[in-house]
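Read off the chains here:
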Amino acid sequence: MGRWGRAGLVLTVLGDDAIEAYFASRPGEYFEQSIPPSYIEPYNIEVVKTHIAAMVLERGLLDLRSLPPELREAVKAMEGEGLLRIVDSKVYGDFKRLRAYMESRGGLRSTGHLVRIYDESEEIGFRELPEALYDLHPGAVYYHAGRPYMSVELDLEAGKAVVRRITGEINFYTRPLYTVDVEAIKPLGERSFGPVKLVYGEVKVTVRVEGYVVKEEGSGVTLSDVLLRRPLTWSYWTKGVAGRYPNPGITDLTLAISSYHALEHVLITASKPVAGVADTDLGGVSYPSGHIVIYDSSPGGNGASRLVLERIESIARISEEIMASCTCEDGCPRCVFSPYCGNNNEMLSRRGALRVLRSVLLKAAAPLELGKPEGEPLA
Ligand SMILES: [Zn+2]
Ligand SMILES: [Zn+2]
């Protein structure tokens, strides 16, 4: 219905990525789909810590017994950081340190870990980690208030980035080259997905930005790639789903790696319509050993990967269709490419990923325990 009871016209303009290509050939499915569930991680420890700090500053004192168990865990973590003291069940704060702590966070809704952005000596804004790693590494083109800047320095220790304004028109943008390694998994739950045992839990993720590519605006053609003199590394705990996927008889190691990498990409892409996940809410990494970990991008977690665990069958069905219906040689932006790939969309095989996924769906592989990821990870 348009305005004033008149007829309205709605135009949906589709782009050229995997999900839009998927719906372009299935408009009925697009218009008849149910609204995806929303997701949230109410006990994100990083967010909870800020709330506890604010509560102690306001009330002066807390009774540990009055808090639900999930919040008590945050209080204990803060005691370990020297911000709070627990005597019997009373929680006392070091007010000076708590105030400094609050100041270092980006407000009550933030997961903290801020990088403040300076142009010369003037602070122009801030960016949260881990996004700051991808957007503000030296050499990155960064847009602030619609104006382009170039980052000249990112000091993670000091939580500071220095940028310089780019004057005039620019026709390029940058994308980070990075790897992700999952160093630890503390299981909270599991389920099977065909022969794959999926484990959901707390995961420790280490991001390492090693360089970046410069791409031409519009065409997306890579103009150059640059390695950082000093790679940037940052670790954090979040939540994620890990599984070890079978090898359906792919003997070439490069092809196997490319298959798992492509499958990781497409599973995240297909999570968008199934779980209502935004582009940047999930990250992923794959290993030559067949391990794929899909994790919440925010420190502490945001609930998205838990929905991936719950809805993996629907995600797999859409992933299979995306890959089976693409007519490209062996990987393109309409199937397995991702704008957030840490490897500039290299080492991807649509055909190989389809073989791996089908071996899972047809239960054509022996059950696989999770075990430990091995080999060089690809994000
Ligand atoms: Zn394709
Ligand atoms: Zn990738």
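Note that the coordinates shown come from a computational prediction; the quantities given were computed from them, not determined experimentally.

Asker: Quick question: what am I supposed to make of the pairing of strand β4 (residues 114-119) here?
Answerer: As a general feature of sheets, a regular strand has side chains that alternate between the two faces. For β4, the tally of buried residues reaches five of six residues, placing the bulk of the element in the interior. As paired strands, β4 and strand β5 (residues 122-128) are joined by six bridges and run antiparallel to one another. The residue bridging aspartate 119 from the neighbouring strand is glutamate 122, located in β5. Pairing of β4 with strand β8 (residues 160-165) involves four bridges; the strand directions are parallel. Across the sheet, the residue bridging to aspartate 119 is valine 163, located in β8.

Asker: How should the environment of serine 314 be read in this particular structure?
Answerer: Counting through the fold element by element, serine 314 comes out in helix α9 (residues 312-325). Exposure remark for serine 314: the relative accessible area of 33% places this residue in the partly exposed category. Taking C-alpha positions, serine 314 is 33 Å from valine 209, a pair spaced 105 residues apart along the chain.

Asker: Explain the pattern of salt bridges here, please?
Answerer: As a working rule, side chains carrying opposite charge can pair if their charged atoms are close by. According to the stated counting rule, one finds 17 salt bridges in the structure shown. Between arginine 65 and aspartate 63 there is a salt bridge whose closest N-O contact spans 3.2 Å. Through salt bridges with shared partners, one network takes in Glu46, Lys49, Glu81 and Arg105.

Asker: Teacher, can you tell me more about the layout of surface pockets here?
Answerer: Where empty space is left becomes clear once a probe the size of a water molecule has been rolled over the atoms. When its volume is computed, the second largest pocket comes out at roughly 530 Å³. Together, 26 residues line the second largest pocket, and Ile45, Glu73, Glu202, Trp237 and Gly300 are the ones closest to its centre. Broken down by secondary-structure element, the contributors of at least two residues to the lining of the second largest pocket are α3 (45-59), α4 (69-80), β9 (172-193), β10 (196-216) and β11 (222-244). Per-domain counts for the lining of the second largest pocket show at least three residues from each of domain 2 (45-104) and domain 4 (174-361).

Asker: Even after reading the chapter, I still don't get the domain arrangement of the protein chain, so can you show me in this structure?
Answerer: Quite often, the size of an interface is put as the accessible area lost when its parts meet. The domain boundaries assigned to the protein chain delineate domain 1 (8-32), domain 2 (45-104), domain 3 (114-171) and domain 4 (174-361). In this complex, domain 1 contributes nine residues to the contact, which on the side of domain 4 involves eleven residues. Contact between domain 1 and domain 4 buries roughly 830 Å² in total, counting both sides, with carbon and sulfur atoms accounting for 58%. Looking only at domain 1, the three residues that lose the most surface to domain 4 are Ala18, Ile19 and Tyr22, adding up to 53% of its buried area. Between glutamate 321 and arginine 26 there is a salt bridge, and its shortest N-O distance comes to 2.6 Å. For the pair domain 1 and domain 4, the interface holds two residue pairs in polar contact (both at pLDDT 80 or more). For the side of domain 1 that touches domain 4, the leading source of residues is helix α1 (residues 18-24), giving five residues. Here the side of domain 1 that touches domain 4 is composed, by residue class, of five nonpolar, no polar and four charged.

Rules and cut-offs
Residues numbered from 1 in each chain as written. Chains lettered and ligands numbered in written order. Predicted model: local features only at pLDDT ≥ 70, side-chain atom pairs only at ≥ 80, totals over all residues. Heavy atoms only, no water. Buried < 20%, exposed > 50% of the residue type's maximum accessible area, 1.4 Å probe, protein only. Helix = DSSP H or I, 4+ residues; strand = E, 2+ residues; numbered from the N terminus. Pairing = 2+ DSSP bridges. Salt bridge = Lys/Arg side-chain N within 4 Å of Asp/Glu carboxyl O. 1 Å grid on protein atoms, 1.4 Å probe; cavity = no way out; pocket = protein on both sides within 12 Å on 5 of 7 lines; lining within 4 Å. Points joined across faces, edges and corners; volume = space filled by probe spheres on them. Domains from an automatic or database assignment. Contact = heavy atoms within 4.5 Å. Buried area = accessible area lost by both parts, 1.4 Å probe. Polar contact = N/O pair within 3.5 Å; in protein donor to acceptor, adjacent residues only side chain to side chain. Nonpolar A, V, L, I, M, F, W, Y, C, P; charged D, E, K, R; others polar.

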